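# Inside the fold
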Amino acid sequence: MSSLYTCPMHTEILQESMGDCPKCGMSLESVIPSEEKSESALLKKQFWISLLFGIPVLILAMGPMVGLTLLHGRMAGGVECLLSIPVIFWCGCEVWRKGFRSFKSASLNMFSLITLGTGVAFLYSITMLFLGCFFTAGSPVEDYYFEAATVMMVLVLMGQWLESRGRAKAGSALRELLDLTPPMALIVGKEGELDHQIPISEIKVGDYLRVLPGSKIPADGIVSEGESSIDESMLTGEALPVEKSHGSPVSAGTINASGSLVVEVSHAGTNTALSQIISLVAQAQRSQAPIQQISDRVAALFVPIVMGISILTFAIWMMAGPAPHFFHALNAAVAVIMIACPCALGLATPMALMVGIGKAAQCGILVRSASALQNLASTNLLALDKTGTLTEGKPKLVSIHTIDPFVEKNLLALASGAEQGSEHPLARALLLHAQDQGIPILKSSSFKAFPGGGISAVVDEKELLLGTPQFLKGRGMPPEQWNLISLKPGEGLVAIAVGGIPAGAFIFRDTIRDSAKTVIQKLSALGVRTVMLTGDATSTAEAVARELGITRFYAELSPSAKADHFTSWKREGFHAAMVGDGINDAPALAVAETSIAMGLGSDIAKETAGIILLNPSLEGIVSSIKISREILKVIKENLFFAFAYNILCIPIAAGIFYPLFGLLLSPMLAAAAMSLSSLSVIANSLRLRRIRF
């Protein structure tokens, strides 16, 4: 996968070697990008150099409009020319290359318009600077387009730099996900041989691997020896570790929490569940269509139309215009191209996104994918993961059952003293509860862990046993007292015996977020249906769904099964979005039209998602839907302004009113009109800052 390269603009392009995109000329990038930042550094350097040279050009050209005249006539034009050359031809060399490639491949885009407008403006200005007197019967020429070409290139370089910086971070979580599997594995030696390390790439199906406590499992397989608790939260989303023994399946990338295991490999390399998740995510990321490509699709028609109008304008002025014919014809033709330059069209989408995304950030919503905002605006079905999304994702001690003569505080003090030597998630939850209650943590000795069962320790000169009822039964404790305890779906029980006598039990549960029920109601008011997807047991899922008022849920789902639901919903006509937080949610987050990840979730979930909720509260889901609808509304208004501007101004620039009123657009007025069109788009976009939720 790391040897495949794709185009950031045309993600359907996929090659096995580096090169340029055959459609737009952009450099192909690795599907899982490296941390190399040379492209971003170069663009940053080019942008700041272009800005350094561009500001004086703008002051020289526009200064006279506000009474600031530093140089006059051809002197001003000559200085503007010298300052604009490094901006246009050195800083903008990559833009020119992309533009030429787009013309060569007949795949016109924004670079086509920028190259055309910049090139014509500069060529016209050079012609007027050195040969203008031949076209104007000796009259001096003071109107040039150096500043328009320069400023356009500065803005383009700024956008390219910011885009490159964002792309440099893309795929970092995919790299981290690949790192979940260890680089080496401990293979069990044959009879008479010692265990030895081998590279993970050499693992074969049927090999026996030894996995030590605290180590990551290097491949999918079946436990052949040993017992342990496995942390599968990165794959299943479950906060509670899963007990494994002989015959239990284990997955690559999960963590062996306590006991030593021998695992027979069933899937290795790219066939593991972890590798398949990576493949699904990378494939879905390539298939997404960025919202910025709307302007490119419009440009594909817009460019040839503008070129045709410009050529027609030149021809008409040469045949029917006043003397000097060539000057007036060239002036009108260039004015058409300049006034139709894609500044407003190019700003219509990114300006609204920039302001809207900034507003979203103030509300604790981080937008990673522009297309996610557009898709979210039309969402009518929202799928939510249970663990870590609707629930907190961490086990909590919810109740304590005591057996006479033991009392709650004394039992909690003894248990917390025994558990301080354990790294089990339930032990941490018990210790945290004791601290919250102000219970002193007693000292313990003779601590011993029994993987898959429980622990034993001596606290306050009393021998304690904590673990599953089966674990305590195996050590002579009668299980009847614990069997009488009624557990709700989703709850877990840890039994405790003190001095060989059953003393009570601790009940743990993953608690539902406080805001979950309110958010479900608000989503319904917005016309969005809610569905719960989870890998949990049906009984647990049903209990959570009932409490939240969710009528539609699917339980015991694998990561790929979650993703399959979105394919079905799409066929049914739904615009479905996904909210999740774990690695197990990554395939569903990748294939959903819109994906939202919780900020405290896994890196791969956040990398796959187009929107990340930075705050633990689910209120951000409602806010993100509202702001996405406002942003899309503003984008449509901006595109209308940009098109209306071109429809109205292109005929004026071509000289349609010259026969009636003698009105002919000058170069400076064309540049000013182009700026005004951009300002209208900017002003409209700034309205998003006043949105209230």
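Check the entry above for the structure.
Residues numbered from 1 in each chain as written. Predicted model: local features only at pLDDT ≥ 70, side-chain atom pairs only at ≥ 80, totals over all residues. Heavy atoms only, no water.

### Overview of the overall build of the protein chain
For clarity, the cut-off: Secondary structure elements follow DSSP: runs of H or I no shorter than four residues count as helices, runs of E no shorter than two count as strands, and numbering proceeds from the N terminus. Remark: exposure states derive from per-residue accessible area (1.4 Å probe, protein chains only) relative to the maximum for the residue type, with buried under 20%, exposed over 50%, and partly exposed in between. What makes two residues a contact is simply this: any of their non-hydrogen atoms within 4.5 Å. The accessible surface values rely on the Shrake-Rupley method and a 1.4 Å probe; as for residues, cover is taken only from the protein chains in view.
Tallying secondary structure elements over the protein chain gives 25 helices and 25 strands in all. Going through the 693 residues of the protein chain one by one, you find that 52% of them count as buried. Looking at the protein chain alone, contacts between residues at least 24 apart form 67% of all its contacts between residues at least 6 apart. Carbon and sulfur atoms make up 60% of the accessible area of the protein chain, which amounts to about 31,300 Å² in all.

### Notes on the pattern of salt bridges
The following threshold applies: Throughout this description, the term salt bridge denotes a Lys or Arg side-chain nitrogen within 4 Å of a carboxyl oxygen of Asp or Glu.
This model, assessed by the stated rule, comprises 7 salt bridges. Asp195 is paired through a salt bridge with Arg210; the nearest N and O atoms lie 2.5 Å apart. With Asp195 in the loop between strand 4 (184-187) and strand 5 (196-199) and Arg210 in strand 6 (residues 208-211), the pair connects residues that are 15 residues apart, well separated along the chain. Among the residues examined, Arg210 registers a relative accessible area of 27% and is labelled partly exposed. For Arg546, the salt bridge goes to Glu542, with nearest N and O atoms at 3.6 Å. Of this pair, Arg546 and Glu542 both sit in helix 19 (residues 538-548), 4 residues apart, which is roughly one turn of the helix. Of the residues examined, Arg546 reaches a relative accessible area of 58% and is grouped as exposed.

### Some remarks on the packing of helix 18 (residues 516-525) against helix 23 (residues 619-654)
The criterion, for reference: Lines fitted to C-alpha atoms define the axes here, with helix axes fitted over just the stretch in contact, and angles between the N-to-C directions of these axes take values from 0 to 180 degrees. Relative orientations are named as follows: roughly parallel for angles under 35 degrees, roughly antiparallel for angles over 145 degrees, roughly perpendicular for angles from 65 to 115 degrees, and oblique for any other angle. Take the far helix as your reference; a near helix turned counterclockwise from it by less than a right angle gives a left-handed crossing, and one turned clockwise gives a right-handed crossing. For this scheme, ten residues count as nonpolar: Ala, Val, Leu, Ile, Met, Phe, Trp, Tyr, Cys and Pro. Four count as charged, namely Asp, Glu, Lys and Arg, and the remainder, Gly too, count as polar.
Between helix 18 and helix 23, the shortest axis-to-axis distance is 8 Å and the interhelical angle comes to 20 degrees. One finds that helix 18 runs roughly parallel with respect to helix 23. The crossing of helix 18 and helix 23 is left-handed. Listed contacts from helix 23 to Thr518, Val519, Lys522 and Leu523 of helix 18 are Glu619, Ile621, Val622 and Ile625. Counted by class, the contact of helix 18 with helix 23 contains 5 nonpolar, 1 polar and 2 charged residues.

### Describing the side chain of Ser84
This is how it is decided: Definition of a polar contact: a pair of N or O atoms within 3.5 Å, with one able to donate and the other able to accept a hydrogen when the atoms are protein atoms, and with sequence-neighbouring residues admitted only if both atoms are side-chain atoms.
With respect to the secondary-structure elements, Ser84 resides in helix 2 (residues 73-91). Polar contacts involving the side chain of Ser84 include one to the main-chain carbonyl oxygen of Cys81, which spans 2.9 Å.

### Some points on the environment of Ala588
If you trace the backbone, Ala588 turns up in helix 21 (residues 586-591). Here Ala588 falls in the buried class, since its relative accessible area comes to 0%. Separated by 21 residues in sequence, Ala588 and Thr567 place their C-alpha atoms 9.8 Å apart. When neighbours within four sequence positions are excluded, Ala588 is seen to be in contact with Lys562, Ala563, Phe566 and Met578.

### Some words on unusual backbone geometry
A cis amide bond links Asp404 with the next residue in sequence, Pro405, at an omega value of 10 degrees. The phi angle at Ser446 is positive, at roughly 55 degrees, despite the residue not being glycine. Checked against the element boundaries, Ser446 lands in strand 16 (residues 444-450). Although it is not a glycine, Asp460 sits at a positive phi angle of roughly 55 degrees. Within the element layout of this structure, Asp460 appears in the loop between strand 17 (454-459) and strand 18 (462-467).

### Structural notes on the sheet that holds strand 24 (residues 594-598)
Stated precisely, the cut-off is as follows: Two strands are said to pair when DSSP picks up at least two bridges between them.
Taken together, the 7 strands give an open sheet; going across it, the order is 13-25-24-23-14-21-22, and neighbouring strands pair in mixed fashion. Of all the strands in the sheet, the pair left with one neighbour each is strand 13 (365-367) and strand 22 (553-554). Together, strand 13, strand 14 (381-385), strand 23 (576-580), strand 24 and strand 25 (611-613) form the strand contacts of helix 23, whose direction differs from that of strand 13 by roughly 50 degrees.

### Focus on the sheet that holds strand 18
An order of 15-20-19-18-17-16 is seen for the 6 strands of this open sheet, with the pairing classed as antiparallel. Looking at the sheet topology across the chains shown, the edges are occupied by strand 15 (391-402) and strand 16. Averaged over neighbouring strand pairs, the angle between their axes works out to 20 degrees when direction is ignored. In this sheet, strand 19 (residues 491-498) lies alongside strand 18 in antiparallel orientation, the contact comprising 4 bridges.

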